[in-house]
Amino acid sequence: EFHTTKFETIEARGAVSLLSRSHRKHLIDTLLVTYPVFDTITAFIEKLHYPVTGGTHGTRIVAGLLGRTRAGKTDIIKHYCNRWQPCHVDDGIAHPVIYLPVTGETTPQSLAEIIYEATGPGTAPRIKIASLMRNSVARIVRARVELVIIDDAQFLFEGRSKNHRRDFFSVLKQLADTEVLNI
C-alpha cells in the first residue's frame, strides 16, 4: 500500500496536520516518491502488461527486470501491482495482476501455496507436486490473471536441486503455454 500524494498547498498541509499522529505516521510510512528511473521501470511493466494503449492485455511474453540488489525494484513492482486490485466479474473475482514473492527457501509446493494465496481464498491441496503445479496454473487462468510477476525469480534456479529446477521450469512453461497472460 503506497501513496504519492503531494500536500503542496497551505490548506492541504493544514488539513494533514489535523490528522491523528498514527494517521500521519501511516502517511509517512507509505509515502512513495517517484523518480525518473521509477517512471521508466513502471512504464516497462505497463508496456508488458498492456502493449497497446487502449488495447487488451498482452499474452505469451516472458520478460525479466534486472537490476542491482536493493535498487528498489520490489517497491516499483508492488506499486504497479497495487494499481490492479481484484475485482468482481460475472463468475467470481478476477485478479488482473498477481505478485509472487520468491525466496531461496521457496519449494515447488510453497510456490503453489503462494499462487493459491495470490489468487483468492482457498488452500493448496496436498497432492503430488506435478498435479499441484498444474492445478496452480489452472487456478491462475480461472482467476483471469493477465500478468504474473515473480519477484526475485532467480531464486527459483540458483543453488537448486535438479528436481526443483525441473519443477520450476515446468510451471513457467505451463504458464507461458496458457497463451492468456504475460510473465
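Everything below is about the structure shown above.
Keep in mind it's a predicted model, so treat the numbers as computed, not measured.

A. Molecular detail of unusual backbone geometry. Of note, Arg-60 is a non-glycine position whose phi angle comes to about 65°, a positive value. Secondary-structure assignment places Arg-60 in the loop between α3 (36–49) and α4 (73–82). Judged by its relative accessible area of 54%, Arg-60 is exposed. The residue Glu-179 is not glycine, and still its phi comes out positive at about 55°. Assignment of secondary structure puts Glu-179 in the segment after α7 (162–177).

B. The arrangement of the side chain of Thr-106 in detail. Note that Thr-106 resides in the loop between β3 (97–101) and α5 (108–118). Among the polar contacts listed, one links the side chain of Thr-106 to the backbone nitrogen of Thr-103, at a separation of 2.9 Å. In contact with Thr-106, other than residues within four places in its own chain, are Leu-111, Ile-114, Arg-160 and Phe-168.

C. Region of the structure containing the pairing of strand β4 (residues 147–151). The buried fraction of β4 amounts to five of the five residues, a majority that puts the element mostly inside the structure. Here β4 shows a buried face lined by Leu-147, Ile-149 and Asp-151 and a second buried face lined by Val-148 and Ile-150. Where β3 lies against β4, five bridges are found, and the strand directions are parallel. Across the sheet, residue Tyr-99 finds its bridge partner in β4, namely Ile-149.

D. Quick look at the packing of aromatic side chains. A full pass over the atoms with the stated rule returns four aromatic pairs. Between Tyr-50 and Trp-84, the aromatic rings sit 5.6 Å apart at their centres with planes inclined by 15°, giving stacked as the arrangement. Of this pair, Tyr-50 sits in the loop between α3 and α4 while Trp-84 is found in the loop between α4 and β1 (87–89), placing the two residues 34 residues apart along the sequence. In this structure Tyr-50 comes out as partly exposed when scored by relative accessible area, which is 23%. Relative accessible area serves as the criterion here: at 24%, Trp-84 is assigned to the partly exposed category. Three or more aromatic residues joined by ring pairs make a cluster, and in this case those are Tyr-50, Tyr-80 and Trp-84.

Cut-offs and rules
Residues numbered from 1 in each chain as written. Predicted model: local features only at pLDDT ≥ 70, side-chain atom pairs only at ≥ 80, totals over all residues. Heavy atoms only, no water. Helix = DSSP H or I, 4+ residues; strand = E, 2+ residues; numbered from the N terminus. Buried < 20%, exposed > 50% of the residue type's maximum accessible area, 1.4 Å probe, protein only. Polar contact = N/O pair within 3.5 Å; in protein donor to acceptor, adjacent residues only side chain to side chain. Contact = heavy atoms within 4.5 Å. Pairing = 2+ DSSP bridges. Phe/Tyr/Trp six-rings, centres within 6.5 Å; stacked < 30°, edge-to-face > 60°.

Remember that the coordinates give geometry; whether it matters functionally is a separate question.
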